[in-house]
Amino acid sequence: MGMTMTQKILAAHAGADSVKAGDLIMANLDMVLGNDITSPVAINVFKNLDTDQVFDREKVALVPDHFAPNKDIKAAEQCKKVREFAGGQKISNYFEVGEMGVEHALLPEKGLVVGGDLVIGADSHTCTYGALGAFSTGVGSTDMAVGMATGKAWFKVPSALKFNLTGSFKPNVSGKDLILHIIGMIGVDGALYQSMEFAGPGVASLTMDDRFTIANMAIEAGGKNGIFPVDEQTVAYIKEHSSKPYTVYEADADAEYDAVFDINLSELKPTVAFPHLPENTKTVDEIEEPLTIHQVVIGSCTNGRFSDFEKADKILKGRKVADGVRVLIIPATPKIWEQCMDAGFFKDFVAAGCAISTPTCGPCLGGHMGILAAGERCVSTTNRNFVGRMGHVDSEVYLASPETAAASAVLGRIGTPDEL
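What counts as what
Residues numbered from 1 in each chain as written. Predicted model: local features only at pLDDT ≥ 70, side-chain atom pairs only at ≥ 80, totals over all residues. Heavy atoms only, no water. Pairing = 2+ DSSP bridges. Helix = DSSP H or I, 4+ residues; strand = E, 2+ residues; numbered from the N terminus. Axes fitted to C-alpha atoms, helices over the stretch in contact; angles between N-to-C directions. Contact = heavy atoms within 4.5 Å. UniProt positions renumbered as here; feature names shortened; annotations may be inferred.

**Quick word on the sheet that holds strand β10 (residues 225-227)**
So, point 1. The strand order across the open sheet built from four strands is β10-β9-β8-β11, with neighbouring strands paired in parallel fashion. Of all the strands in the sheet, the pair left with one neighbour each is β10 and β11 (259-264). Recorded for the sheet is a direction-independent mean angle of 20° between the axes of neighbouring strands.
So, point 2. In terms of strand pairing, strand β9 (residues 194-199) meets β10 through three bridges, oriented parallel. Each bridged residue has a counterpart across the sheet, and for glutamate 197 the counterpart in β10 is isoleucine 227.
So, point 3. Helix α1 (residues 5-14) contacts β8 (159-166), β9 and β10 of the sheet and is inclined by roughly 105° relative to β10.

**Examining the UniProt feature "binding site: [4Fe-4S] cluster" (unreviewed entry) in the chain**
So, point 1. UniProt's feature table lists "binding site: [4Fe-4S] cluster" (unreviewed entry) at Cys301, Cys361 and Cys364, given in the numbering used throughout. For the residues just named, distributed over 64 residues, the greatest C-alpha separation is only 9.3 Å, placing them together at one site.
So, point 2. Along the chain, cysteine 301 turns up in helix α9 (residues 300-303).
So, point 3. Setting aside anything within four residues of it in sequence, one finds cysteine 301 in contact with Val102, His104, His125, Asn216 and Asn383.
So, point 4. With respect to the helices, strands and loops of the structure, cysteine 364 is situated in the loop between β16 (355-356) and β17 (377-380).
So, point 5. Those residues in contact with cysteine 364 that sit more than four places away from it in its chain are Thr382, Asn383, Arg389 and Met390.

Okay, here's the thing in structure tokens:
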């Protein structure tokens, strides 16, 4: 029986000719990632291991982004611990305020991950890098510590689901709508410890930013990872951002999948995940009663890239945010921030009544800079809408695309650009 893309990457990094679902392997790592929440725990574990040096200073990345810029004393102490460890270990890829971006947008932009890599990160959305044809997955802080020390990690080889894509998106529909549609279809545990592999002629119509968004939210379906084939777009992105060599892995024609889902992209509509799970989806035209909102967040590792703000600008330019709605614009990296500024987006956003933030995860996890009070509703381009995710347990988060989020900001309720 043939292997999937994920299985081929795992086999190569384990030094094996082949692997199959369920195998336990130890594999070599190309990158180990941590942030200001998970790294301090990993550092404590690392100090108890039989080593005083990380396995490779070039293959560890530490990015304080969740509660940074520091929101309080505890956050400051967390970042200080990471900063001192990075300095003591002479870790090359340490990025803090001024250079810091939301980690899963920053690493691809910096060229630190390329096709064929095997990456672990002590953050569940590490699966983002599957957009580049890499195997990347989230782990706990203990696994991060051992990975930093040894450059290796244990894996159980996952089985796979295949999503065969055809067609292309209609206007105001994008990658966020596709992944919300999929999660709504299979559920938050529909891909539990499975690889979500995307294939078919429709892949070519997806931008790299679409792919990052889709791979980012594989974990919201329970997936071990999400992964896309390396095509011309992928290669162009890698060559633009990285000097690292990349490897192209392709699924075998006889690769085994637990299920295959056929999705015509042209049939998708703007989709929103209602509280309090990403699987609780409705297309916007299925919303029966107007849902008044109080806050909109456009940003995060899911939808904080330049193209996301370009979409939002087309909607917000020359318009005003509805009375009573707060809109937070959070570019995911300093480079994206600068691109938005140079493109004139910030002028348009401020004129519309939005607030511009430095790169941070901030409100996505209920950290800071956008906490919700009881009874408030937020339309957000982030990735989770659990109870209390963005603040009070009696607040509500609705996940949506940048297009839907920007239109909702103007309408003062959940809606689409077609309604403006």
